[in-house]
Amino acid sequence: MPFLLDLNEEPIPDLNEVPPATCPATRKRLTNLEKDQIVHILIFNYNNDKLGKGIIKQIASKYEVTWLVISQLWKATLQAIRGDEHPNVHRKYKGSNKSKVFNLENVSSISLHLRTNIRTLACQLNAPKSTVHIAIQKGEIKSHSNALKPYLTSQNMEARVRPRYDKDGVCIFDGKIGIFPFTIEEPAARASKNRARGVIEVKPIESITKIVIKQCLIEKIIPAIKVKWSSDFNKHIVIQQDNARPHISDNDEDFIKVAQDGEFYITLANQPPNSPDLNINDLGFFRIIQGLQHEKAPKTVTQLVYAVKQAYEEIGDSTKWLNAL
């Protein structure tokens, strides 16, 4: 059957006014009216069993969608034409932004071991994890700690990160030694659309071994401590580390040679597990840095390193960043 264009409908856009094809930053959802217009344009340019050259890209640019979207519409239109049917490319679904509602009274009736985290609780409530998370944020569901994983209190954090001031109120130590990324710099082996060959790239160290940890301690951390440490401070310093396998022991000869040089006496100590007084980094400091870093939305390793360093520097004294938790 022949396909006729209804002259009472919206006029077909002039493709001669279309700018060069570009790829939109975000995907656009076409309305039914726009889809009808696109179908009319496609049929109008379909002659001798062929679609005009470049029509799909021009339409995609006009409606600010990718060429794949127009190609899918054309595929559906072509199937309808060959089947002597009228093309129907309207959406067949209705969206909804309503969150799934569940009965909060059912939470208390769920066994404790089945609601220890958001995932298991969502499964028991037959609700999405995001819905449970929103309920926690609104205060409808209250999370709690226990003796094994207690919350970090303000007193815990203030006791571990405390700037030092002289008699005139001048800060002589801000409580921060430095932040040292595990990265390497090497020239790009081949060219790409993002950079030319030979350009210096920042790449993460893929395997963190004892050698890497020792090198960081001896060449970066200990020298930074000696530079920032005030002459009025006690020179007996303990570097706290967790119990990860790559960490070196306190009796490492290379470490002792650099850390205990007469003026300074620096030792290593492993962090006791689940200690709210000693895991300040895990429960507070790293979380603040991560929150600030996500605001920068880094896309490359270089941008990520810069964002983390900038977040580290933005954290002032404890009274400022404690309020951000």
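Here, every reference points to the structure presented above.
Every value quoted in this text rests on a predicted model; they were computed, and no experiment measured them.

Novice: Would you mind going over the overall build of the protein with me for this structure?
Specialist: Across its full length, the protein carries 12 helices and eight strands. Out of the 325 residues belonging to the protein, those deemed buried represent 28%. Long-range contacts, defined here as pairs at least 24 residues apart, represent 60% of the contacts in the protein between residues at least 6 apart. On the protein, roughly 23000 Å² of surface is accessible, and the fraction owed to carbon and sulfur atoms is 52%.

Novice: Just checking my understanding: could you explain the pairing of strand β8 (residues 265-270) for this structure?
Specialist: For a regular strand, the rule is simple: side chains alternate between the two faces of the sheet. Relative to β8, strand β7 (residues 236-241) is paired through six bridges, and the arrangement is parallel. Along β8, the bridge assignment pairs I237 with I266. Between β7 and its parallel partner β8, the chain crosses via helix α9 (residues 253-259), and the hand of that crossover is right-handed.

Novice: In this structure, what is going on with the environment of A297? I would like to understand it.
Specialist: Along the chain, the position of A297 falls in the loop between α10 (280-296) and α11 (301-314). On the basis of relative accessibility, which here comes to 48%, the residue A297 falls in the partly exposed class. Measuring from C-alpha to C-alpha, the distance between A297 and A307 comes to 8.4 Å, with 10 residues separating the pair along the chain.

Novice: Sorry, what's going on with the packing of helix α1 (residues 32-44) against helix α3 (residues 67-82) here?
Specialist: Packed helices, taken two at a time, are described by the angle between their axes plus the distance between the axes. Two elements in contact, α1 and α3, have axes separated by 10 Å at closest approach and are oriented at 65 degrees. Accordingly, the angle class assigned to the pair α1 and α3 is roughly perpendicular. Relative to α3, α1 is oriented so that their crossing is right-handed. Contacts between α1 and α3 involve K35, I38, V39, L42 and I43 from the first element and I70, L73, W74, T77 and I81 from the second. Counted by class, the contact of α1 with α3 contains eight nonpolar, one polar and one charged residues.

Novice: Just to check I follow, could you spell out the environment of I237 for this structure?
Specialist: Mapped onto the secondary structure, I237 falls in strand β7. Judged by its relative accessible area of 7%, I237 is buried. Apart from the residues lying within four places of it in its own chain, the contact partners of I237 are I225, W229, F264, Y265, I266 and T267.

Quick notes on the rules
Residues numbered from 1 in each chain as written. Predicted model: local features only at pLDDT ≥ 70, side-chain atom pairs only at ≥ 80, totals over all residues. Heavy atoms only, no water. Helix = DSSP H or I, 4+ residues; strand = E, 2+ residues; numbered from the N terminus. Buried < 20%, exposed > 50% of the residue type's maximum accessible area, 1.4 Å probe, protein only. Contact = heavy atoms within 4.5 Å. Areas by Shrake-Rupley, 256 points an atom, 1.4 Å probe, with all protein chains shown as cover. Pairing = 2+ DSSP bridges. Right-handed = clockwise from strand over helix to strand, strands pointing away. Axes fitted to C-alpha atoms, helices over the stretch in contact; angles between N-to-C directions. Parallel < 35°, antiparallel > 145°, perpendicular 65-115°, else oblique. Left-handed = near helix turned anticlockwise from the far one by under 90°. Nonpolar A, V, L, I, M, F, W, Y, C, P; charged D, E, K, R; others polar.

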